[in-house]
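Commentary on secondary and tertiary structure
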Amino acid sequence: MNVIIWPDLFDANRRVVLGGQMLAVTGMLQKEGDVVHLVAKEITDLSGLLADVGNRSSTESPHANASTGERIVVRSRNFH
């Protein structure tokens, strides 16, 4: 998945985007064929939660969709 961050949102969140080690991005999903984009609307720095990642069970997820019970899991890739 590609995350698209428009210049105005990037400028408003520059420190978070460039310095964050783990980010939460919410926005509009776009898909054409096998290509998937997430057009960012909001970016949140979750780097402070990294120390606790290994201590969580796989059944608890703060990002599970409570209304449908659907859980979306997206694997990340490090391009650095």
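Residues numbered from 1 in each chain as written. Predicted model: local features only at pLDDT ≥ 70, side-chain atom pairs only at ≥ 80, totals over all residues. Heavy atoms only, no water.

**Examining the overall build of the protein chain**
Basically, it comes down to this: Only DSSP runs of H or I with at least four residues qualify as helices, and only runs of E with at least two residues qualify as strands; both kinds are numbered from the N terminus onward. Relative accessibility under 20% of the residue-type maximum defines a buried residue, over 50% an exposed one, and the middle range a partly exposed one, all with a 1.4 Å probe and only protein chains included. Residue contacts are counted whenever heavy atoms from the two residues lie within 4.5 Å of one another.
Counting its regular elements, the protein chain contains two helices and three strands. Each helix and strand of the protein chain, placed in order from N terminus to C terminus, yields the pattern β-α-α-β-β. The buried share among the 80 residues of the protein chain stands at 14%. Sequence-distant contacts, at least 24 apart, represent 46% of the contacts inside the protein chain between residues at least 6 apart.

**Section: the sheet that holds strand S3 (residues 35-45)**
Heads up, the rule is: Here, any two strands with at least 2 DSSP bridges between them count as paired. Lines fitted to C-alpha atoms define the axes, with helix axes restricted to the stretch in contact, and inter-axis angles between N-to-C directions lie between 0 and 180 degrees.
Strand order in the open sheet formed by three strands is S1-S3-S2, with mixed pairing between adjacent strands. Each having just a single partner strand, strand S1 (2-4) and strand S2 (23-32) make up the two edges of the open sheet. With strand direction ignored, the average angle separating the axes of adjacent strands in the sheet is 40°. Here S1 runs beside S3; their pairing, made up of three bridges, is parallel. Each bridged residue has a counterpart across the sheet, and for Val3 the counterpart in S3 is Leu38.

**Points about the pairing of S2**
Of the strand pairs in this sheet, S2 and S3 are connected by ten bridges, and their pairing is antiparallel. Each bridged residue has a counterpart across the sheet, and for Ala24 the counterpart in S3 is Thr44. The antiparallel pairing of S2 with S3 creates a hairpin that spans two residues between the two strands, and Gly33 there sits at a positive phi of about 65°.

**So, the nonpolar core**
General note: in soluble globular proteins, nonpolar side chains tend to be found buried as a group. For clarity, the cut-off: As used in this record, nonpolar core signifies buried Ala, Val, Leu, Ile, Met, Phe, Trp, Tyr and Cys residues forming a set joined through side-chain atoms within 4.5 Å.
Residues Leu9, Val16, Val17, Ala40 and Ile43 constitute the largest nonpolar core, which totals five residues. Looking at this core, the elements that each hand over two or more residues are helix H2 (14-19) and S3. Excluding residues within four positions of it along the chain, Val17 makes contact with Ile5, Phe10, Leu23 and Ile43.

**Examining the environment of Lys41**
Within the element layout of this structure, Lys41 appears in strand S3. Separated by 16 residues in the primary sequence, Lys41 and Val25 have C-alpha atoms spaced 7.4 Å apart. Once residues within four sequence positions are removed from consideration, Lys41 is found in contact with Leu9, Thr26, Gly27 and Met28.

**Overview of the environment of Ala12**
One can find Ala12 in helix H1 (residues 7-12). The exposed category is assigned to Ala12, whose relative accessible area is 63%. Distance in space between the C-alpha atoms of Ala12 and Ile43 is 9.8 Å, their sequence separation being 31 residues.

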